[in-house]
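Tertiary structure, described
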Amino acid sequence: MDLMQLRKNAADHFKANGFPTTKDELWRFTDVSPVANTDFSSEWNASDLAFQPLSSYCLVFENGKLSPEKSKLNAFPEGVKVGSIMDHVDPRLGTLADAQSAFVAANTAGFSDGTFIEIAEGVELETPIHLVFLADVAGAAFHPRNFISIGIGAKVTVVEEYIGAADITYWTNAVTEVFVADRGTVDHYKVQRESATAFHFQTVEAQLGENAVFSNHAITIGGGLGRNDIRGKLIGEGGEAICNGLYLLNGKQQFDTHLFMDHAVANCNSHELYKGILDEKARAVFCGRILVQQDAQQTDAVQSNKNLLLSRGAKVHTLPQLEIYADDVKCTHGATIGELDETALYYLQTRGIDPVRGKAMLTYAFANEVLDEIKSASVKTYLENLVHEWLEKVSE
Amino acid sequence: MALLEIKNLHASVAGNEILKGINLTINPGEVHAIMGPNGSGKSTLSNVLAGNEVYEKTQGEILFDGKNLDDLVAHERARAGLFLAFQYPVEIPGISNMYFLKAAVNAGREYRGEEQLDAMDFIDLIEERKKVMNIRDDLLERAVNSGFSGGEKKRNEIFQMAMLEPKLGILDETDSGLDIDALRIVSDGVNALRDPERGFLVITHYQRLLDYIVPDVVHVMVHGQIVKSGGKELALELENEGYASWVGEEGI
Ligand SMILES: Nc1ncnc2c1ncn2[C@@H]1O[C@H](COP(=O)(O)OP(=O)(O)O)[C@@H](O)[C@H]1O
Ligand SMILES: [Mg+2]
């Protein structure tokens, strides 16, 4: 299917179905009418926002458009093709991301830029590719579309970071499709630091071949109303998917995570660790669906969602969903919602650590389990700092 | 001036009066032991001293190093030099022992108007102090008390005390659950800290510990009161005769 036809189909789907409502089972706890009821513009502007490049391979999008000036596009080694998705339309584009989703349809119909990454067979790129999406036009809608495909035995680390100007409202609606061929490894990070009054939605969908590894770490700090759909399809034996996340929410932030792990074949692993820290009146939804199909024997799936509430006004809905059609599998899940451990706080106090510092230490310790899993040292240090900054802000 | 002066202390927890008029004075350089049956209020006393807000002081006065403890909350008491080695040390997943110790040491230094220790100075201090307590490096890197054995937790408490150099160390049944080797290590650690300026309150169930940490005064606590005080020979007497004669009709 060519791009024109793909876009037309998506537009038709969106016109016919519109945005989901809370009557829709998958959107029960997240009301997107504030997005549906806003008219967004699509004017383009350069951006003044600051960012910190995490790598020498950095692509910068200013209000939806790739900036050749701010990006470093020519430095890539042989076998690594990176550029604007408008210049490289892969035939598989749009075949992976959930076509039933209104947000995916809106993106497919309307995307005007995004990243294309293709790594040739056997090429291992150690340096991360950092994608920075800057948003500082109030009232605008952005539909970044990213496409990542790596060859057999290839390896890449991609960091997607979304940064917005404070206190403006706009809508980011991103879609990232990831094809991991046999024995390939993709480490994918998503850092969401949008404006606290922005709407942010993204679908990340990955397909894993035999013995392929895909990891996704989603760190959410910003956004007023948002949702991540992280979806993995294990279609080759021996595949391994790791989906970890950390959401740090305060004020009236509402953030929803929907994981969907589809075990279609035998001998695959999936591990999901999601942690949330909520202050003030923040709300979080976590829905982790694991589907183990009939042929997916010896599946090993572990899911855990733990939440720390720093205030009585904060609220979490956590919904694990296991659907198992194979009989020889190991699937576990657990969810907790709790407060800071007063006994631990007292213990710290008896060592001279004041309660404000003690709370920050215990809260950081809670988040640290997710950060500890991050392999890339530069990404880890950067995220540790972001988490520290957030904690300082909420403990003020 | 006395290091610790407790006058007619009454304290309650969950609405029940546990301490019923404790009087106790510890001078700098002295080691006092409190012995007593289970449930007599020994841990309640140590928690009231440390500033655990679950325990409510209802009457009396506590002066520590000339300061009224009513004016200080738990972390201020710690910074002023009061240290409690817990009967049940708390596990804190996600915070490394090293990081925790550095925060604690520097909190005390800040209070005393001393410079913060940087990473290098801190490591030097650790290296010097860890030997006495036989603390392995992996225990320093692991999360505070998390998954530590009973003996490791107790050694870690005394190690923290050695790092923080308090004016008063309160040891709440530090010996319980220790084998003879661990008991010796813990006692050596405490004895190394004995100093004419420093005092200790050693709470124990067994006389055995007091063979290693020799006290100046032994108190017997029963039903929230100190029923007898004497020299170190009192501990031996208790070992031989038990608490029966003090416990009274209602039993232990
Ligand atoms: N946190 C608490 N909540 C309720 N009761 C407590 C608490 N701590 C101690 N107590 C009660 O106080 C009494 C004395 O306990 P404790 O001080 O632990 O004695 P000891 O240390 O001498 O064994 C006991 O009856 C115990 O149940
Ligand atoms: Mg006790």
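Predicted model only: the values in this text are computed from it and were never measured.

Observations regarding helix α6 (residues 377-395) of chain A
Residue and element names in this part refer to chain A.
- Look at α6: 27 Å from first C-alpha to last across 19 residues, which is about the 27 Å you get at 1.5 Å a residue.
- When we look at burial in α6, the residues that qualify are Val 379, Tyr 382, Leu 383, Leu 386, Val 387, Trp 390, Leu 391 and Val 394.
- In this structure, the buried residues of α6 make contact with β8 (155-164), β10 (185-193), β12 (213-220), β14 (240-249), β16 (269-278) and α5 (355-371).

Details of the environment of Ala103(B)
- If you trace the backbone, Ala103(B) turns up in helix α3 (residues 97-111).
- The spacing of Ala103(B) and Leu117(B) is 14 residues in sequence and 9.8 Å in space, taken between C-alpha atoms.
- Among all residues touching Ala103(B), those that are not within four sequence positions of it are Ile353(A), Arg357(A) and Met361(A).

Some remarks on the side chain of Asn216(A)
Residue and element names in this part refer to chain A.
- With respect to the helices, strands and loops of the structure, Asn 216 is situated in strand β12.
- Among the polar contacts listed, one links the side chain of Asn 216 to the side chain of His 188, at a separation of 2.9 Å.
- Discounting chain neighbours no more than four positions away, the residues touching Asn 216 are His 188, Val 204, Ile 230, Ile 242, Cys 243, Asn 244 and Tyr 274.

Considerations on the packing of aromatic side chains
Residue and element names in this part refer to chain A.
- Here the structure, examined in full by the defined rule, presents 19 aromatic pairs over all chains.
- Note on Phe 14 and Phe 19: the rings are 5.1 Å apart at their centroids and 90° apart in plane angle, and the pair reads as edge-to-face.
- Members of the aromatic cluster, connected to one another through ring pairs, are Phe 14, Phe 19, Trp 27, Phe 40, Phe 103, Trp 171, Phe 199 and Phe 201.
- When the ring centre of Phe 179 is taken as origin, the NZ or CZ atom of Arg 92, which lies over that ring, is 4.5 Å away.
- The side chain of Arg 351 reaches across the aromatic face of Tyr 347, ending 4.8 Å from its centre.

Some points on the pairing of strand β9 (residues 168-172) of chain B
All names here are of chain B.
- The element β9 is extensively covered by neighbouring structure, given that five of its five residues are classed as buried.
- Burial of β9 is two-sided: the residues Leu 168, Ile 170 and Asp 172 facing one way and the residues Gly 169 and Leu 171 facing the other way are all buried.
- With four bridges joining them, strand β6 (residues 82-85) and β9 adopt parallel strand pairing. Along β9, the bridge assignment pairs Phe 83 with Gly 169.
- Taken together, the five bridges between β9 and strand β10 (residues 199-204) define a ladder with parallel strand orientation. Its bridge partner lying in β10, Asp 172 is registered against Ile 203.
- Between the parallel elements β9 and β10, the chain passes through helix α7 (residues 180-193) in a crossover that is right-handed.

With respect to the coordination of the magnesium ion (ligand 2)
- For the magnesium ion (ligand 2), every protein donor is listed as Ser43(B) (OG) and Gln87(B) (OE1), and the spread of their distances is 2.1 to 2.2 Å. Here Ser43(B), found in helix α1 (residues 42-50), pairs with Gln87(B), found in the loop between β6 and β7 (92-96); they are 44 residues apart in sequence, far enough to count as distant.

Digging into the interface of chain A and chain B
- Across the boundary between the two partners, chain A contributes 17 residues, which contact 30 residues of chain B.
- Each partner contributes to the roughly 1800 Å² buried at the junction of chain A and chain B, and carbon and sulfur atoms together form 65% of this total.
- Together, Tyr346(A), Tyr347(A) and Arg351(A) form the three largest contributors to the area buried by chain A at its contact with chain B, with a combined 41%.
- Here chain A is connected to chain B by two salt bridges.

Section: the domain arrangement of chain A
Residues and elements named next belong to chain A.
- Looking at chain A, the domain boundaries give domain 1 (3-340) and domain 2 (341-396).
- For domain 1 versus domain 2, the distance between C-alpha centres works out to 26 Å.
- At the interface, 29 residues of domain 1 touch 23 residues of domain 2.
- At the boundary of domain 1 with domain 2, the tally comes to three salt bridges.
- Here Asp 187 and Lys 375 are joined by a salt bridge, their closest N and O atoms 3.3 Å apart.
- For the side of domain 1 that touches domain 2, the elements supplying multiple residues, two or more each, are β8, β10, β12, β14, β16 and β18 (300-309).
- Here the side of domain 1 that touches domain 2 takes five residues from β14, the largest share from any one element.
- Here the residues of the side of domain 1 that touches domain 2 sort into 15 nonpolar, seven polar and seven charged.

Topic: the sheet that holds β9(B)
All names here are of chain B.
- If you trace the six strands from one edge of the open sheet to the other, you get β6-β9-β10-β3-β11-β12, paired in mixed fashion. Single-partner strands in this sheet number two, and they are β6 and β12 (225-230). Between one strand axis and the next, the sheet turns by 20° as a mean value, whatever way the strands run.
- Relative to β6, helix α6 (residues 150-164) is tilted by about 165°, and along the sheet it contacts β6, β9 and β10.

About the thresholds
- Residues numbered from 1 in each chain as written.
- Chains lettered and ligands numbered in written order.
- Predicted model: local features only at pLDDT ≥ 70, side-chain atom pairs only at ≥ 80, totals over all residues.
- Heavy atoms only, no water.
- Helix = DSSP H or I, 4+ residues; strand = E, 2+ residues; numbered from the N terminus.
- Expected span 1.5 Å × (residues − 1).
- Buried < 20%, exposed > 50% of the residue type's maximum accessible area, 1.4 Å probe, protein only.
- Contact = heavy atoms within 4.5 Å.
- Polar contact = N/O pair within 3.5 Å; in protein donor to acceptor, adjacent residues only side chain to side chain.
- Phe/Tyr/Trp six-rings, centres within 6.5 Å; stacked < 30°, edge-to-face > 60°.
- Lys NZ or Arg CZ within 6 Å of the ring centre and 35° of its normal.
- Pairing = 2+ DSSP bridges.
- Right-handed = clockwise from strand over helix to strand, strands pointing away.
- Donors = N, O, S within 2.8 Å, 3.2 Å for Na, K, Ca; no water.
- Buried area = accessible area lost by both parts, 1.4 Å probe.
- Salt bridge = Lys/Arg side-chain N within 4 Å of Asp/Glu carboxyl O.
- Domains from an automatic or database assignment.
- Nonpolar A, V, L, I, M, F, W, Y, C, P; charged D, E, K, R; others polar.
- Axes fitted to C-alpha atoms, helices over the stretch in contact; angles between N-to-C directions.

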